[in-house]
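Each chain, written out:
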Amino acid sequence: IALSVNLPFVPATDNASIEHWYYLSIKGNNFICYVEGQSAIDLNVTRVPSTVDGRDACTWAFVGNPFDGYKLYNKKAGLTKILSSSTTMTGQEGSTTYPILTEETKVPAENNTLWFATASTHQTNGFFLAQKGYESNKMNNRGNKLAYWTGGADNGSTFTVSERDLTGVTELQALIDQVKAAQGNYVAGTTVGYLTQASVNAVAQAVTDAEAYLGTTVTEAVITV
């Protein structure tokens, strides 16, 4: 017997072998972005942020399989946190039960750690995410926050992904950081051994241009070092 699972994302078997990172959105264009310290994930980001840090906050990976469920990791939060929430719904239709990133070693006993993905017909390649063991507890956009809808699932519970190609980004960012760290040693002068002021200015401008390019390009695969 061969089982075929057709989902728009490729999961990793564990968080040490993640190869595919995705921009995750709900209800069409509300990106799921991590902000440290928030008690709920606000769904008010409608375009990919321009900064690397902002893009990392909206970047997610799936770890697991369709039978046991998936853990969701966020690139900015790091691989010690997973998306989790209480399995007890509060408020009307679970609208005040908020999924947030929790330290994986400190997930409250009543929280879920795994999500089941099922296809949605509301958007091309759309899918629902429900708590493992609680099929009706599907995440939803409620009041511009990531919450739940327990009475069914529609476009407001439909997730979509677009894969983020990180080719060259890490390397270019590291090079920028290296040059910036050394900039304090670039001293202009008129004697032998000193850089001209024009050279110092050129280095500063090159860093500025590189950061601007890295911050505004969305097709990250074209970035090479």
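A.B. asks: What should I look at first to understand the environment of Ser136 in this one?
C.D. replies: Residue placement: Ser136 occurs in strand 9 (residues 134–142). The partly exposed category is assigned to Ser136, whose relative accessible area is 37%. Between the alpha carbons of Ser136 and Gly151 there is a distance of 7.1 Å; along the sequence they are 15 residues apart. Not counting residues up to four positions away in its chain, the partners in contact with Ser136 are Trp149 and Thr150.

A.B. asks: So what exactly am I meant to see when it comes to the packing of aromatic side chains here?
C.D. replies: Any pair of aromatic rings gets described here by the distance separating the centres and the angle formed by the planes. Here the structure, examined in full by the defined rule, presents 8 aromatic pairs. Consider the rings of Phe9 and Phe62, whose centres lie 3.8 Å apart with planes at 10 degrees: the pair is stacked. Of this pair, Phe9 sits in the segment before strand 1 (21–26) while Phe62 sits in strand 3 (residues 59–65), and the two are 53 residues apart along the sequence. Considered together, Phe9 and Phe62 belong to a single accessibility category, that of buried residues. Seen in terms of ring centroids, Phe62 and Phe127 are 6.3 Å apart; in terms of plane orientation they differ by 70 degrees. Their pairing is edge-to-face.

A.B. asks: How should I be thinking about the pattern of salt bridges in this particular structure?
C.D. replies: A side chain with one charge may pair with a side chain of the opposite charge, provided their charged atoms come close. If you walk through the whole model with that rule in mind, you get 5 salt bridges. Between Asp53 and Lys76 there is a salt bridge, and its shortest N-O distance comes to 3.1 Å. Of this pair, Asp53 sits in helix 1 (residues 52–57) while Lys76 sits in the loop between strand 4 (69–74) and strand 5 (81–84), and the two are 23 residues apart along the sequence. Given a relative accessible area of 37%, Lys76 falls into the partly exposed group. Across the pair Lys71 and Glu104 runs a salt bridge whose closest N-O atoms are separated by 2.5 Å. Separated by 33 residues along the polypeptide, Lys71 in strand 4 and Glu104 in the loop between strand 6 (100–103) and strand 7 (115–119) bring together distant segments of the chain.

Cut-offs and rules
- Residues numbered from 1 in each chain as written.
- Predicted model: local features only at pLDDT ≥ 70, side-chain atom pairs only at ≥ 80, totals over all residues.
- Heavy atoms only, no water.
- Helix = DSSP H or I, 4+ residues; strand = E, 2+ residues; numbered from the N terminus.
- Buried < 20%, exposed > 50% of the residue type's maximum accessible area, 1.4 Å probe, protein only.
- Contact = heavy atoms within 4.5 Å.
- Phe/Tyr/Trp six-rings, centres within 6.5 Å; stacked < 30°, edge-to-face > 60°.
- Salt bridge = Lys/Arg side-chain N within 4 Å of Asp/Glu carboxyl O.

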